Amino acid sequence: LKKLCFDTAVVLFSGGQDSTTCLYYAKKNYKKIYALTFDYGQRHKIELSAAKEIAKFAGVEHTQLEISGFKQLGGSSLTSPNIPVSSELSPANNLPTTFVPGRNIIFLTYAAAFAYQNNAGVLVTGICQTDFSGYPDCRIETMNSLEETLRYGLDADFKIVTPLMYLSKAETVKLAEKFGALEALSLSHTCYNGQKPPCQNCPACLLRARGFQEAGIPDPLLVP
Ligand SMILES: [Zn+2]
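We now turn to the structure provided with this report. (Residues numbered from 1 in each chain as written. Predicted model: local features only at pLDDT ≥ 70, side-chain atom pairs only at ≥ 80, totals over all residues. Heavy atoms only, no water.)

### Concerning the coordination of the zinc ion
For clarity, the threshold we go by: Metal-coordinating donors are taken as N, O and S atoms lying within 2.8 Å of the metal, or within 3.2 Å when the metal is Na, K or Ca; because water is left out, some sites can appear incomplete. By the criteria applied here, four donors are tetrahedral when all angles lie between 85 and 135 degrees, four are square planar and six octahedral when opposite donors are over 155 degrees apart and every other angle lies between 65 and 115, and any other arrangement is irregular. Categorising residues by exposure relies on relative accessible area from a 1.4 Å probe, with only protein chains included: less than 20% of the type maximum marks a residue as buried, more than 50% marks it as exposed, and the intermediate range marks it as partly exposed.
Those donors, C191 (SG), C199 (SG), C202 (SG) and C205 (SG), are the protein atoms that reach the zinc ion, and they lie 2.3 to 2.4 Å from it. Of note is the zinc ion, whose four donor atoms meet at the metal with angles of 104 to 118 degrees in an arrangement that counts as tetrahedral. All donors of the zinc ion belong to a single chain; written as a sequence motif, their spacing is C-x7-C-x2-C-x2-C. A relative accessible area of 4% means that C202 is categorised as buried.

What follows is the structure, encoded as structure tokens:
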């Protein structure tokens, strides 16, 4: 079994609201942190620049890894420009059109490989079961079994930490405030339409707005 450091964490970091909150959670809870961003052919490159900017602002070492196959697989509005983002569920799988099959499993596996090389024992991800989306790869069962698979497959004692798993969007906003992430959230990107300032009309913008509203905290992204 490879010995890993459990005070070193790799944060799966997209540059969005949830992963920014996780980055600050990790800053408070671990001695050394790596922020890891995936360039998977996502529709909006603005996500990648937000991630870079936030990591710099937070003073965290940042790595961007390319995973190019998703675009070729297609079938999701996040990777195929010809599939519009819709608020309706896709009739094929009863999931949002933004579902990218296997994405979180592949991301976590890459993150584990990265963590292995850097002796980090902890993988922090902002996935959330209570999210409106119902993505099957965001469920705790998926995380538990993947954690076990990574331990077997890399012969290393990884822990997957999911600080947001059971939180509502409003609770996530309150957590961001608690860990001092609000200022960084003014740099975060959420909008599915890739607009800056955000469109405030797409499912991601609406979900974000509702979370801040219910938490009673103004969204720093919208404060001039
Ligand atoms: Zn939007």
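### Topic: helix 4 (residues 103-117)
Cut-off, in case you're wondering: Each helix is a run of H or I in the DSSP string that is no shorter than four residues. Each strand is a run of E no shorter than two, and both are numbered from the N terminus. Given a helix with a known number of residues, its expected span is that number minus one, times 1.5 Å. It is the directions from the helix axis to the C-beta atoms whose arc is reported.
With 15 residues, helix 4 extends 21 Å from end C-alpha to end C-alpha; this agrees with the ideal 21 Å at 1.5 Å per step. Those residues of helix 4 not exposed but buried are R103, N104, F107, L108, A111, A112, F114 and A115. Buried residues of helix 4 fall within an arc of 165 degrees about the axis and therefore sit on the same side. Following helix 4 by one or two positions, N119 has its phi on the positive side, about 60 degrees.

### Let's talk about the pattern of salt bridges
Cut-off, in case you're wondering: A carboxyl oxygen of Asp or Glu within 4 Å of a side-chain nitrogen of Lys or Arg is what we treat as a salt bridge.
In this structure the tally under the stated criterion is seven salt bridges. A salt bridge links K169 to D18; its shortest N-O distance comes to 2.8 Å. In this pair, K169 sits in helix 6 (residues 169-178) while D18 sits in helix 1 (residues 17-29), placing the two residues 151 residues apart along the sequence. On the accessibility criterion, K169 (17% relative accessible area) is buried. Between R151 and D157 there is a salt bridge, with the nearest N and O atoms lying 3.2 Å from each other. Connected via shared salt-bridge partners are E147, R151 and D157.

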